[in-house]
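Here's the letter readout for the chains.
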Amino acid sequence: MRFTAEDIDGHEVARREALYGPLAEAVRELVDATIRTEVDAAAVQEVEATVRAATARLRDRQIDGAFGVRYTEDGRIMPWGNVVIGLRNPIAPPLTVHRERDRCWSEFTLGAAYEGPPGHVHGGICALVLDHVLGSASSPEKPNFTGTLTLRYRRATPLGPLRAEARIDRVDGVKTYVVGALSDSDGVTVEAEGVFILPVWAREGSTTTPT
Ligand SMILES: CCCCCCCCCCCC(=O)SCCNC(=O)CCNC(=O)[C@H](O)C(C)(C)COP(=O)(O)OP(=O)(O)OC[C@H]1O[C@@H](n2cnc3c(N)ncnc32)[C@H](O)[C@@H]1OP(=O)(O)O
């Protein structure tokens, strides 16, 4: 598991955010446009060639494997490849998760790229979002892992503006029980319960390392 410390200061973090954030946002727009475009065949082929050229240009120099989770020396976390919140990940909506004591919440919009049933959010995407928001609520600091996530899909979740929220229900040793929900403007669409577990290597006094 890749947790990496980076020797950079806040200015450098801000510079990278300003550089890579807009690129990821542009690719998100490209994904949406790819799904929804009705331009003619020649235009589609022209764009395909342009996108392939852009991809090759980015691949001129790249890291091996995934981005990992990186930290600055002053403890700032940079989960920029994360599929839910990653600044550099165009697949991430991305969510900004807010914290208030024992609860977390996020308001965000899911568009055409997240469709399952016509005009509605794919059930796996609902699970993805809820896993992350419940997981975030489970621990402000230590890396809890999802042990069990239980969902009740009460009605289909429409594409568009949504809210996810979660709070700690109870803590039992290394297990944190969290409850939460995904909602649209008419109320709850998916209810969630999760057990989030502090892995062995992160426990007090552990000498094991992440695997
Ligand atoms: C990044 C920046 C963003 C920061 C924000 C971060 C939010 C991220 C949220 C997303 C989180 C993820 O997607 S995490 C990725 C998805 N999850 C995973 O890949 C987890 C894979 N599974 C595992 O690594 C492991 O099985 C663990 C860590 C879940 C548990 O293993 P373990 O640590 O060896 O557990 P162990 O000591 O045996 O058991 C401890 C206690 O938990 C219970 N227990 C064990 N497994 C389970 C289970 N699956 N469900 C329920 N309970 C369980 C045991 O009965 C025991 O209870 P008792 O005897 O004490 O009563």
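Position numbers for residues start from 1 in each chain and track the written sequence from start to end. Since the coordinates come from a predicted model, pLDDT governs what is reported: local features require at least 70, and pairs of side-chain atoms require 80 or more to be given and counted, while whole-chain, interface and lining totals use all residues. Side-chain descriptors were evaluated using all non-hydrogen atoms of the structure, hydrogens and water having been removed beforehand.

### What to know about the overall build of the protein
Note the following rule: The way it works is that DSSP assigns letters per residue, a run of H or I at least four long becomes a helix, a run of E at least two long becomes a strand, and they are numbered from the N terminus. Exposure classes here rest on a 1.4 Å probe applied to the protein chains alone. A residue is buried below 20% of its type maximum, exposed above 50%, and partly exposed in between.
Secondary structure summary: the protein contains three helices and nine strands in total. Scanning the protein from its N terminus toward the C terminus, one meets helices and strands in the order β-α-α-β-β-β-β-α-β-β-β-β. A principal-axis box enclosing the C-alpha atoms of the protein has dimensions of 60 × 45 × 30 Å. Burial analysis of the protein (211 residues in total) assigns 29% to the buried set.

### A word on the nonpolar core
Counted only if it meets this: We define the nonpolar core as a collection of buried residues of types Ala, Val, Leu, Ile, Met, Phe, Trp, Tyr and Cys that are connected through side-chain atoms lying within 4.5 Å of one another. Two residues form a contact once any of their heavy atoms are found within 4.5 Å.
In this structure, Phe108, Leu110, Val129, Val133, Leu134 and Leu182 are the most contacted members of the largest nonpolar core, which totals 22 residues. Looking at this core, the elements that each hand over two or more residues are strand E5 (103-110), helix H3 (123-138), strand E7 (160-172), strand E8 (175-184) and strand E9 (187-197). For this core, the leading source of residues is H3, giving seven residues. Discounting chain neighbours no more than four positions away, the residues touching Leu182 are Phe108, Cys126, Val129, Leu130, Thr157, Leu162, Arg163, Ala164, Gly187, Val188, Thr189 and Val190. Among the nonpolar cores identified, the runner-up in size contains five residues, and Val13, Phe67, Met78 and Trp80 belong to it.

### Focus on the site of the ligand
Stated formally: Neighbouring residues are identified by heavy atoms, a residue being near a molecule or strand if any of them is within 4 Å of it. Pairs of N or O atoms are called polar contacts if they sit within 3.5 Å, as long as, within protein, a hydrogen donor faces a hydrogen acceptor (for residues adjacent in sequence, only side-chain-to-side-chain pairs). For this classification, Asp, Glu, Lys and Arg are treated as charged, while Ala, Val, Leu, Ile, Met, Phe, Trp, Tyr, Cys and Pro are nonpolar and the rest, including Gly, are polar.
Lining the immediate surroundings of the ligand are 16 residues, of which Asp131, Gly147, Thr148, Lys175 and Arg203 lie closest. The side chain of Asp131 places a nitrogen or oxygen atom 2.9 Å from an oxygen atom of the ligand. Between the ligand and Gly147, the relevant distance is 3.0 Å, taken from a nitrogen atom to a main-chain nitrogen or oxygen of the residue. Secondary-structure elements contributing two or more residues to the shell around the ligand are H3 and strand E6 (145-153). For the shell around the ligand, a count of residues per class yields seven nonpolar, six polar and three charged.

### A look at a negative patch on the surface
For clarity, the threshold we go by: The patches described consist of residues with a relative accessible area above 30% and no salt bridge, like charges being joined within 9 Å and nonpolar side chains (Val, Leu, Ile, Met, Phe, Trp, Tyr) within 5 Å. Per-residue accessibility takes into account occlusion by the displayed protein chains alone, with areas from the Shrake-Rupley method and a 1.4 Å probe. Whenever Lys or Arg places a side-chain nitrogen within 4 Å of a carboxyl oxygen from Asp or Glu, that contact is recorded as a salt bridge. His is not counted, nor are the chain ends, whereas Lys and Arg count as positive and Asp and Glu as negative. To locate a charge, take NZ of a lysine, CZ of an arginine, CG of an aspartate or CD of a glutamate.
Taken together, the side chains of Asp7, Asp9, Glu73 and Asp74 define an acidic patch exposed on the protein surface. Within the element layout of this structure, Asp74 appears in the loop between strand E2 (69-72) and strand E3 (77-78). Assessed through its relative accessible area of 61%, Asp74 is described here as exposed.

### Some remarks on the packing of aromatic side chains
Using the following cut-off: Between rings of Phe, Tyr and Trp, where Trp is taken as its six-membered ring, a pair exists when centres lie within 6.5 Å; planes separated by under 30 degrees are stacked, by over 60 edge-to-face, and by other angles tilted.
Applying the stated criterion to the full structure yields two aromatic pairs. On the basis of an interplanar angle of 90° and a centroid distance of 6.2 Å, the ring pair of Phe145 and Trp201 is categorised as edge-to-face. Within this pair, whereas Phe145 is found in strand E6, its partner Trp201 is found in the segment after E9, the two being separated by 56 residues in sequence. What makes Phe145 partly exposed here is its relative accessible area of 34%.

### Section: the domain arrangement of the protein
This is how it is decided: For each domain, the first and last residues come from an automatic or database assignment. Here the quantity called buried area is the total loss of accessible area, with a 1.4 Å probe, experienced by two parts when brought into contact, counted for both.
The domains assigned to the protein are domain 1 (1-94) and domain 2 (96-202). Relative placement of domain 1 and domain 2: their C-alpha centres are 23 Å apart. With 15 residues of domain 1 at the interface, the matching set in domain 2 holds 10 residues. For the pair domain 1 and domain 2, the summed buried surface comes to about 930 Å²; carbon and sulfur atoms form 76% of the total. Of all residues in domain 1, Met1, Val84 and Pro93 bury the most surface against domain 2, accounting for 41% of the area lost on that side. Along the contact surface separating domain 1 from domain 2 lie zero salt bridges. Per element, the largest residue contribution to the side of domain 1 that touches domain 2 is four residues, and it comes from helix H1 (residues 10-36).

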